[in-house]
Amino acid sequence: MSRPPRKSAVRGRGMRRLPGARFLPARLGPKAAEDEDQDELRAGDLRGGGLTLRAMLPNAVTAAALCSGLTGIRFAIDAQWTFAIGLVVLAGVLDGIDGRIARLLNAQSRFGAELDSLADSLSFGVAPALILFLWSLQDWERFGWFAALAFAICCALRLARFNARIDVDDQPHKSAGFLTGVPAPVGAGLAFTPFYLWYETGIGFFRDPVLMVVWLTLIAILMISNLPTLSWASLRPRRSVRLPLIAFIGLAFAALLLEPWWTLAAISTVYLALMPWGLVKYARIKRRRRLDALAAAAVPPQAPDAARP
């Protein structure tokens, strides 16, 4: 009498069900990249798993930005202020590149978003706070350190708020093409504005610790505020000004190479000057949306067509 086949042979050689496996998903933990399909993920598991080169590239750029920002602290300890602040500015450039690389390669991932937030907190919160403390704030040690702590903490709080709202659908600022508060890289650039002016003019007033405490506290408040701020990605210039705008950007880049500190000071001034215009623009959009909602609510619902005989 022939023996019935074993269950393991029916299911497949070498395959065993773990206790409670029917209650667990087939794959635990976040995917290497959210856009990868299941076939690609299974093929990666068969090859030994791991991140693909496409998913690693933007994360590598983020890590480079983190190294750049933290290395600025090392130069600040040696009182090499231009190198210290220049490396934080370089970290801001790399921070703007990594997200675009991820979208270009279709390699966005939750891991990349978390790594980017951590790198931003260190490069644009901790590093500027320590650099400015060593440059000026330590002359007013008690309140200077409080201002540096406030800046670093507010930067971390802003990034935490951003992460908490990633999956929230109701975001009035974002839906209108605005950001909420000053972004972390922009906040770091604004915080260094007194240094730009001090280095070019040599006026000691810009290095005064009292001025720096007030200035750094103001920028920290702007980062965690609910003010709508302009998002460069949402700007749509008219066709008539596109060519002159390209020429202006080219000249601005040349000025950044020849006179970096004056150019950075001008960029900071223009950004602060545009903030009231952004508030007015957002108020117009909000008013238009409210009027559209009232108009839609005032229109009576159409009655169904009467039955024809």
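Above this text is the structure in question.
Heads up: these notes are all about the structure in this document. Remember, predicted model here, so these are calculated numbers, not experimental data. (Residues numbered from 1 in each chain as written. Predicted model: local features only at pLDDT ≥ 70, side-chain atom pairs only at ≥ 80, totals over all residues. Heavy atoms only, no water.)

1. Description of the overall build of the protein
Within the protein one finds 12 helices and two strands. Ordered by position from the N terminus, the helices and strands of the protein form the series α-α-α-α-α-α-α-β-α-α-α-β-α-α. Burial status across the protein gives 34% buried among its 309 residues. Taking the intrachain contacts of the protein between residues at least 6 apart in sequence as the baseline, contacts between residues at least 24 apart amount to 78%. (Helix = DSSP H or I, 4+ residues; strand = E, 2+ residues; numbered from the N terminus. Buried < 20%, exposed > 50% of the residue type's maximum accessible area, 1.4 Å probe, protein only. Contact = heavy atoms within 4.5 Å.)

2. A few points about the packing of aromatic side chains
In this structure the tally under the stated criterion is 12 aromatic pairs. Judged by centre distance (5.9 Å) and plane angle (25°), the ring pair of Tyr196 and Trp261 falls under stacked. Here Trp261 lies in helix α12 (residues 260-298) and Tyr196 lies in helix α9 (residues 193-201), a separation of 65 residues in the sequence. Across the pair, exposure class does not vary: Tyr196 and Trp261 are buried alike. The ring centre of Trp198 lies 4.9 Å from the NZ or CZ of Arg207, which sits over that ring. (Phe/Tyr/Trp six-rings, centres within 6.5 Å; stacked < 30°, edge-to-face > 60°. Lys NZ or Arg CZ within 6 Å of the ring centre and 35° of its normal.)

3. Describing the pattern of salt bridges
Between side chains of opposite charge, a pair can form when the charged atoms approach closely. Enumeration according to the criterion identifies two salt bridges in this entry. Among the salt bridges present, the one from Arg74 reaches Asp78, with a minimum N-O distance of 3.7 Å. Overall, Arg74 belongs to the partly exposed group, its relative accessible area being 49%. Accessibility expressed as a relative area gives 41% for Asp78, which makes it partly exposed. (Salt bridge = Lys/Arg side-chain N within 4 Å of Asp/Glu carboxyl O.)

4. A look at the nonpolar core
Ranked by internal contacts, the top residues of the largest apolar core, which has 51 residues, are Leu132, Leu137, Phe151, Phe195 and Tyr196. Among the secondary structure elements, those contributing two or more residues to this core are α3 (53-77), α4 (81-104), α5 (110-135), α6 (141-164), α8 (184-191), α9, α10 (209-224) and α12. Those residues in contact with Leu132, other than ones at most four positions away along the chain, are Leu137, Ala191, Phe192, Met212 and Leu216. One finds Phe178, Leu230, Tyr282 and Ile285 within the second-largest nonpolar core, a separate group that totals five residues. (Core = buried A, V, L, I, M, F, W, Y, C linked by side-chain atoms within 4.5 Å.)

5. So, the environment of Val186
Relative to the helices and strands, Val186 is located in helix α8. When the C-alpha atoms of Val186 and Met223 are compared, they prove to be 9.1 Å apart, with 37 residues separating the residues in sequence.

6. Some words on the packing of α4 against α9
Look at α4 against α9: their axes get within 12 Å of each other, and the N-to-C directions meet at 140°. Classified by the angle between their axes, α4 and α9 sit oblique to one another. Crossing of α4 against α9: the hand is left-handed. Contacts from Trp81, Thr82, Ile85 and Val89 in α4 reach Phe195, Tyr196 and Tyr199 in α9. Residues belonging to the contact of α4 with α9 are distributed by class as follows: six nonpolar, one polar and no charged. (Axes fitted to C-alpha atoms, helices over the stretch in contact; angles between N-to-C directions. Parallel < 35°, antiparallel > 145°, perpendicular 65-115°, else oblique. Left-handed = near helix turned anticlockwise from the far one by under 90°. Nonpolar A, V, L, I, M, F, W, Y, C, P; charged D, E, K, R; others polar.)

7. Side note on α6
Taking 1.5 Å of rise per residue, the 24 residues of α6 would be expected to cover 34 Å, and the 34 Å separating its terminal C-alpha atoms lies within 8% of that figure. Every buried residue of α6 is accounted for by Gly144, Ala147, Ala148, Phe151, Ala152, Cys154, Cys155, Arg158, Leu159, Arg161 and Asn163. If you follow the buried residues of α6, they end up packed against α5, β1 (178-180), α8 and α10. (Expected span 1.5 Å × (residues − 1).)

8. Considerations on the state of the cysteines
As enumerated under the stated definition, the model contains zero disulfides in all. Cys155 supplies the cysteine sulfur nearest to Cys154, a cysteine that is in no disulfide, at a spacing of 8.9 Å. (Disulfide = S-S within 2.5 Å.)

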